[in-house]
Amino acid sequence: MNPEAAALAAVKDADRKHVFHSWSAQELIDPLAVAGAEGSYFWDYQGNRYLDFSSALVYTNIGYQHPKVTAAIADQAARLCTVAPGFAVDVRSEAARLIAERTPGDLNKIFFTNAGAEAVENAVRMARVHTGRPKVLSAYRSYHGATSTAINLTGDARRFGNDSATAGVVHFWGPFAYRSPFYAADEAEECERALRHLEDTIVFEGPQSIAAIILETVGGAPGVLVHPDGYLAGVRELCDRHGIVFILDEVMVGFGRTGRWFASEHWDVTPDLICFAKGVTSGYVPLGGVAISAAIAETFARRPYPGGLTYSGHVLACAAAVATLNVMEEEGIVEQSARTGAQLLGPGLRALAERHPSVGEVRGLGTFWALELVRSRETREPLVPYNAAGADNAPMAEFAAACKKGGVWPLTAGNRLHVAPACNITPQDVAKGLAVLDEALSVADAHTT
């Protein structure tokens, strides 16, 4: 057995025996063994290279193994690997400063967590303590994480096996013109009716009982749902009117993903709290957090905040954040993401839609797009049913396999393809990825009517 084959066999054997994978029936999966990665690519032990159109799980915003970030992590490890969260440390302070410089409005205080779900947990806790109210409203088409409160806030089917019905969560329908729950004729009407529905929900739940409304600034896992103009501003007005804390979940879309540092900049809306993670370190070391407005920070000026984490602001993670943010600034990666979306991905994906009857809609911003795959453009029937598994999901599984065969690693969710490459992907790699998608979509076309 050659060294590569031996290494592959050892990795696969240990994985099968000892690793418990997320969201999976353990005996029904066969994870790819990854040997290495660089830039927009990763490869397996057999030498197969994949153009990563998923940015891992939408977080390698600067690609894999950027030398300035890996060097910063190594330098920090040599100087100081860890210290308790109660101390003031240069790299932690600098990470907080750099993040606060990029947040909108007066969100100048940063509470660090280990990941996005913990950011959501703590944002909700802050809102409840700040207002003295118990309820939180979130959208049905949403994903906010897998910890206790976050999974109850989540609207998609991953909530079903975890929903305790005791979390004080009320769900509502957000705008989605392509599959409008409000029978709207266009996006303007969808926005108006969605805001009226949210206002009715607030009224009938009792505004005095609602601590917060949480929204993904652009819906990530639910399908890259870009809110119509005016919607986030309308939610902001409802929150102001009723004394409700407005939380934006930017875990997936912050730090360049939509062509802005934070996606809320597209609509010039400032929330009271922003949850972030993923792209802040490009995933090199886990880090998340909550950016906090002056009013909410003042609540805890002389009153202890009832929460904390052993690794809050871990110095290796903060070093990765500082290096990542500096690289993004120096290399113009946020601006590159915006150009790639406007000039390459957007036009390229729309051209695919013109050629393939399985594509019902194209939507997105920056380096964050989705193709809504359908059996019929006329009826808009999804290519696979909601929460499909097994044989019901076969068309999407066949499509994903065709992408991988062509050397592109796709991110599929439900009946959708999410296109989320590194924010600094080259034009040549965009063209290569689109060519593979063009061929793979013929597999989806075979299931159309």
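Residues numbered from 1 in each chain as written. Predicted model: local features only at pLDDT ≥ 70, side-chain atom pairs only at ≥ 80, totals over all residues. Heavy atoms only, no water.

As enumerated under the stated definition, the model contains 9 aromatic pairs in all. Aromatic side chains Phe-42 and Tyr-64 sit 6.5 Å apart centroid to centroid with 75° between the ring planes, which places their arrangement in the edge-to-face category. Linking Phe-42 in strand E2 (residues 41-44) with Tyr-64 in the loop between helix H2 (55-58) and helix H3 (67-79), this pair joins segments that are 22 residues apart in sequence. Comparing Phe-42 with Tyr-64 shows no difference in burial state: the two are buried. An aromatic cluster is present here, built from Phe-42, Tyr-50, Tyr-64 and Trp-409 joined pairwise through their rings. Taking NZ or CZ as reference, Arg-102 lies 4.5 Å from the ring centre of Trp-261, over its face. If you follow Arg-158 out to its NZ or CZ, it ends over the ring of Tyr-143, 3.9 Å from the centre. (Phe/Tyr/Trp six-rings, centres within 6.5 Å; stacked < 30°, edge-to-face > 60°. Helix = DSSP H or I, 4+ residues; strand = E, 2+ residues; numbered from the N terminus. Buried < 20%, exposed > 50% of the residue type's maximum accessible area, 1.4 Å probe, protein only. Lys NZ or Arg CZ within 6 Å of the ring centre and 35° of its normal.)

Glancing now at the environment of Leu-107. Note that Leu-107 resides in the loop between helix H4 (90-102) and strand E4 (109-113). The exposure class of Leu-107 is buried, given its relative accessible area of 0%. In this structure, the C-alpha to C-alpha distance between Leu-107 and Gly-313, residues 206 residues apart in sequence, is 17 Å. Ignoring anything within four residues of it in the chain, the contact list for Leu-107 reads Ala-100, Thr-270, Pro-271, Asp-272, Leu-273, Ile-274, Ala-291, Ile-292 and Ser-293. (Contact = heavy atoms within 4.5 Å.)

One finds Ile-99, Ile-110, Phe-112, Phe-255 and Phe-276 to be the most contacted residues of the largest nonpolar core, which totals 37 residues. The leading source of residues in this core is helix H10 (residues 315-330), at 11 residues. Ile-202, Ile-213, Tyr-231 and Leu-238 belong to the second-largest nonpolar core, a separate cluster that totals 33 residues. (Core = buried A, V, L, I, M, F, W, Y, C linked by side-chain atoms within 4.5 Å.)

In this section: empty space enclosed by the protein. If a probe the size of a water molecule is rolled over the atoms, the empty space left behind becomes visible. What the rule picks out here adds up to 2 cavities of 30 Å³ or more. The computed volume of the largest cavity comes to approximately 110 Å³. Along the walls of the largest cavity sit Ala-139, Arg-141, Ser-142, Gly-174, Pro-175, Phe-176, Leu-215, Glu-216, Gly-219, Leu-225 and His-227, which together make up its complete lining. Class assignment for the residues of the lining of the largest cavity results in 5 nonpolar, 4 polar and 2 charged. In this structure, the second largest cavity occupies an estimated 30 Å³ of space. Every residue lining the second largest cavity is listed: Gly-39, Ser-40, Asp-52, Ser-55, Thr-60, Gly-63, Tyr-64, Pro-421 and Ala-422. Of the residues assigned to the lining of the second largest cavity, the class counts are 3 nonpolar, 5 polar and 1 charged. (1 Å grid on protein atoms, 1.4 Å probe; cavity = no way out; pocket = protein on both sides within 12 Å on 5 of 7 lines; lining within 4 Å. Points joined across faces, edges and corners; volume = space filled by probe spheres on them. Nonpolar A, V, L, I, M, F, W, Y, C, P; charged D, E, K, R; others polar.)

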